[in-house]
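# Structure assessment
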Amino acid sequence: LQTRQSLPVERVDAWVADAVRSLRNRGTVPPAVRVDRGDEKVRELILDVGATHIFDDLPEDEVRKVAGAFFRRGMERGDTLFQRHQVADRMYIIDEGEVALVDPLNELNPPDKLHDGDAVGSLAFVTGARHAKSAIATMETKVWVLRKRDFEQLLRDSRLLESQVRQVVQAQ
């Protein structure tokens, strides 16, 4: 928590004590830090996610559910979103910053650069494939993240979303 979330020692100690109490009394552990969930900005971004367009034509209430499943994550320059051949268990949308898609087997090719509003790894995520390239933040970057388990719940809750994903997968 000190390293990854930049929390002072006193706050970490207080959270640990609170977490132990909560675990004993309620069987749950409270979050150590506030998680930014999808807001109006991510709602607008998801309507044009990469080449997949899986969220197009969803009713407004379903778009809000999808947006609420995303959370915001900060990355430092050099942080890796995913490695080549890694299972695509998260979809990323760049909120601000830059991500390079790099093929580690062909370092002579210049990396593809993605910027604000671009989806990273969305096709592999939706089709269940492995990533074809590695994704690395080239500067301080903020991304919206959708976990596979949350996406699968969204699919169970929305026949229209499930249908659109099925079309994307069949087209590949």
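Here, every reference points to the structure presented above.
A brief look at the structure comes next.

## Concerning the overall build of the protein
The helix and strand tally for the protein stands at 7 helices and 8 strands. Counting all 172 residues of the protein, 36% fall into the buried class. Looking at the protein alone, contacts between residues at least 24 apart form 72% of all its contacts between residues at least 6 apart. Roughly 10300 Å² of accessible area belongs to the protein as shown, and the carbon and sulfur atoms make up 47% of that amount.

## A few points about the environment of V145
Position of V145 among the secondary structure elements: in strand 8 (residues 141-147). Each C-alpha atom, one on V145 and one on A69, is 8.4 Å from the other, the two residues being 76 residues apart in sequence. Apart from residues no more than four positions distant in its own chain, V145 is found in contact with A69, F70, F71, R73, R90, M91 and Y92.

## Brief notes about the sheet that holds strand 1 (residues 71-75)
Across the sheet, 4 strands lie side by side as 1-8-3-6; this open sheet has antiparallel pairing. Two strands in the sheet have a free side with no partner beyond their single neighbour: strand 1 and strand 6 (119-120). Two elements, strand 3 (residues 90-96) and strand 6, share 2 bridges in a ladder whose sense is antiparallel. When the bridges of strand 6 are listed, I93 appears paired with A119.

## Details of empty space enclosed by the protein
Think of a ball as big as a water molecule: rolled over the atoms, this probe shows where empty space is left. Tallied over the entire structure, the rule returns 1 cavity of 30 Å³ or more. Reported here for the largest cavity is a volume of approximately 50 Å³. Taken together, L58, E62, K65, V66, L154, D157, S158 and L161 make up the lining of the largest cavity. Within the residue set of the lining of the largest cavity, elements represented by two or more residues are helix 4 (60-69) and helix 6 (148-157). Here the lining of the largest cavity takes 3 residues from helix 4, the largest share from any one element. Across the lining of the largest cavity, the residue classes break down as 4 nonpolar, 1 polar and 3 charged.

## Some points on the pattern of salt bridges
In total, this model carries 11 salt bridges according to the counting rule given. One salt bridge connects D89 with R90, and the closest N-O pair in it is separated by 3.3 Å. Take D89: its relative accessible area is 33%, and that puts it in the partly exposed class. Beyond isolated ion pairs, a larger network of salt bridges with shared partners links R72, D95 and E96.

## Details of the packing of aromatic side chains
Tallying each qualifying case throughout the model produces 2 aromatic pairs. Centre to centre, the rings of F82 and Y92 are 6.1 Å apart; their planes meet at 35°, and the pair counts as tilted. Pair noted here: F82 is in strand 2 (residues 80-82) and Y92 is in strand 3, with a separation of 10 residues, a long-range link. With a relative accessible area of 3%, Y92 lands in the buried category. Pairing F125 with F151 gives two aromatic rings, centres 4.9 Å apart and planes at 55°, and the pair type is tilted. Of this pair, F125 sits in helix 5 (residues 122-127) while F151 sits in helix 6, and the two are 26 residues apart along the sequence. Note on F125: relative accessible area 0%, which makes it buried. Judged by relative accessible area, F151 falls into the buried class, the value being 2%. If you follow K148 out to its NZ or CZ, it ends over the ring of F125, 4.6 Å from the centre.

Rules and cut-offs
Residues numbered from 1 in each chain as written. Predicted model: local features only at pLDDT ≥ 70, side-chain atom pairs only at ≥ 80, totals over all residues. Heavy atoms only, no water. Helix = DSSP H or I, 4+ residues; strand = E, 2+ residues; numbered from the N terminus. Buried < 20%, exposed > 50% of the residue type's maximum accessible area, 1.4 Å probe, protein only. Contact = heavy atoms within 4.5 Å. Areas by Shrake-Rupley, 256 points an atom, 1.4 Å probe, with all protein chains shown as cover. Pairing = 2+ DSSP bridges. 1 Å grid on protein atoms, 1.4 Å probe; cavity = no way out; pocket = protein on both sides within 12 Å on 5 of 7 lines; lining within 4 Å. Points joined across faces, edges and corners; volume = space filled by probe spheres on them. Nonpolar A, V, L, I, M, F, W, Y, C, P; charged D, E, K, R; others polar. Salt bridge = Lys/Arg side-chain N within 4 Å of Asp/Glu carboxyl O. Phe/Tyr/Trp six-rings, centres within 6.5 Å; stacked < 30°, edge-to-face > 60°. Lys NZ or Arg CZ within 6 Å of the ring centre and 35° of its normal.

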